[in-house]
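One-letter residues, chain by chain:
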Amino acid sequence: MSGAPPRDKPTAAPRRHLLGVEGMDRDAVSGLLDLASRLRENPERRADALRGRTLVSLFYEKSTRTRLSFDLAARRLGMDAATLDVATSSTGKGESLRETVRTIGAMGVDCIVLRHASAGAPEIAAAAFDGTVVNAGDGARRHPTQALLDCLTIRDHLGGLEGKRVAIIGDCLHSRVARSNICAMKTLGATVSLVGPRSLVPDSFATFGVEIHRGIEEGLAGADVVYLLRIQLERQNERLFPSLGEYRERYGMDTRRLALAKPDAVVMHPGPANPGVEIDHALMEHERCLMSDQVRNGVFVRMAVLLSLLGEVDA
Ligand code: NCD
């Protein structure tokens with residue numbers, strides 16, 4: 001045995017962007033969730049952590065929860081937050097995403113939060129920007145902060161995701177929420193199954209390492225988490241099922257069907273919901289429906305993301 005002192009473990013280079021949960025290991029995901037919980041316990045402690053830094057929300061698609069919660073998260077950390085209204089920006093004059101991002105960069109902005117209809121837009125923005133880019137949803141591909149806030153909500157209610165069974169029901173085909181959640185939930189040790197007709201849950205989703213169920217009864221059996229997706233009518237170029245009524249009949253979730261899952265199963269939905277289609281009104285008010293907790297956790301998870309990318313990590 002040589003007497004050489006033990007070498008410090010090489011530390012991973014700090015991340016500059018959050019483009020996806022892909023590539024984050026269990027410690028990285030859990031660390032962000034831990035930081036979000038600490039911020040929730042004592043939000044005042046970090047009220048000045050990012051003072052003097054600037055965040056711009058660049059949303060090319062509609063949003064309520066994500067945009068507002070990034071804005072609040074930034075302000076609660078002392079940042080200056082501004083929004084570019086894309087509808088009235090030079091995008092209408094044909095300016096490219098790259099040019100828009102460069103223009104924002106020239107104003108000394110530290111962080112761009114980007115939502116875009118095209119998968120891969122965050123990578124283009126990150127290559128054109130010296131600061132930090134956070135993906136707030138790109139096409140049907142990724143929505144990392146939604147997955148993180150969902151995992152935090154499950155952890156709060158079920159004590160963790162290890163060994164838990166999550167059934168994601170509905171329009172997986174068009175859902176960046178489903179894709180990011182499959183990745184994050186599996187990273188934390190959950191088993192994920194997708195439930196829906198072939199037109200909304202194609203067989204090719206099996207490559208994500210999930211189970212696929214066509215029938216709601218078998219899909220709900222043994223589920224700890226019933227995760228409902230919005231039927232994204234605006235993204236469907238063709239009718240992928242005969243009618244909303246038929247969808248509701250086969251896959252719509254209500255308190256009666258919830259009894260098919262585990263007795264203490266929780267219900268989640270990223271919002272906005274189509275009440276009376278994928279989720280019934282009464283279920284939205286149910287004590288085991290966690291939609292408000294998801295929204296509340298969204299602010300703390302986004303604070304944790306901003307702090308870990310832009311500030312000191314020792315919260
Ligand atoms: C989702 C989105 O935009 O990806 N909503 C959200 O961010 N909370 C899901 C949806 O639009 O259905």
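Here is what the cut-offs are and how they apply
Residues numbered from 1 in each chain as written. Predicted model: local features only at pLDDT ≥ 70, side-chain atom pairs only at ≥ 80, totals over all residues. Heavy atoms only, no water. Near = heavy atom within 4 Å. Polar contact = N/O pair within 3.5 Å; in protein donor to acceptor, adjacent residues only side chain to side chain. Areas by Shrake-Rupley, 256 points an atom, 1.4 Å probe, with all protein chains shown as cover. Buried < 20%, exposed > 50% of the residue type's maximum accessible area, 1.4 Å probe, protein only. Helix = DSSP H or I, 4+ residues; strand = E, 2+ residues; numbered from the N terminus. Pairing = 2+ DSSP bridges. Axes fitted to C-alpha atoms, helices over the stretch in contact; angles between N-to-C directions. Lys, Arg positive; Asp, Glu negative; His and termini not counted. Salt bridge = Lys/Arg side-chain N within 4 Å of Asp/Glu carboxyl O. Contact = heavy atoms within 4.5 Å.

### What to know about the site of the ligand
(1) Moving on: All residues adjacent to the ligand are Thr66, Arg115, His143, Gln146, Arg176, Val177, Arg230, Gln232, Pro270, Gly271 and Pro272.
(2) Moving on: Contact between the ligand and Gln146: a nitrogen atom at 3.3 Å from a side-chain N or O atom of the residue.
(3) Moving on: For the ligand, the accessible surface in isolation is 320 Å², of which the surrounding protein chains cover 93%.

### Overview of the pairing of strand 4 (residues 132–138)
Note on strand geometry: in a regular strand, side chains alternate between the two faces of the sheet.
(1) Moving on: Counting buried residues in strand 4 gives 7 out of 7 residues, a clear majority hidden from the surface.
(2) Moving on: As paired elements, strand 3 (residues 111–116) and strand 4 share 5 bridges and run parallel to each other. Counterpart to Val113 in the pairing with strand 4 is Val134.

### Description of the sheet that holds strand 5 (residues 165–169)
(1) Moving on: The sheet built from 5 strands is open, its strands ordered 7-6-5-8-9 with parallel pairing. Two strands bound the open sheet, and with one partner strand each, they are strand 7 (211–213) and strand 9 (266–268). In this sheet, adjacent strand axes meet at a mean angle of 25 degrees when their direction is disregarded.
(2) Moving on: As paired elements, strand 5 and strand 8 (residues 225–228) share 4 bridges and run parallel to each other. From the neighbouring strand, Val166 faces strand 8, where its bridge partner is Val225.

### As for the side chain of Arg257
(1) Moving on: Within the secondary structure, Arg257 is located in helix 9 (residues 255–258).
(2) Moving on: One buried charged residue, Arg257, remains without a salt bridge, the closest side chain of opposite sign being Glu217 at 5.0 Å.
(3) Moving on: Polar contacts involving the side chain of Arg257 include one to the main-chain carbonyl oxygen of Arg248, which spans 3.5 Å.
(4) Moving on: Those residues in contact with Arg257, other than ones at most four positions away along the chain, are Ile216, Leu220, Arg248, Glu249, Arg250, Tyr251 and Gly252.

### Quick notes on the environment of Leu19
(1) Moving on: Note on placement: Leu19 falls in the segment before helix 1 (26–41).
(2) Moving on: Considering only alpha carbons, one finds Leu19 and Ala136, 117 residues apart in sequence, at a separation of 8.4 Å.
(3) Moving on: Aside from chain neighbours lying at most four places away, what touches Leu19 is Pro122, Glu123, Ala126, Val133, Asn135, Arg142 and Pro144.

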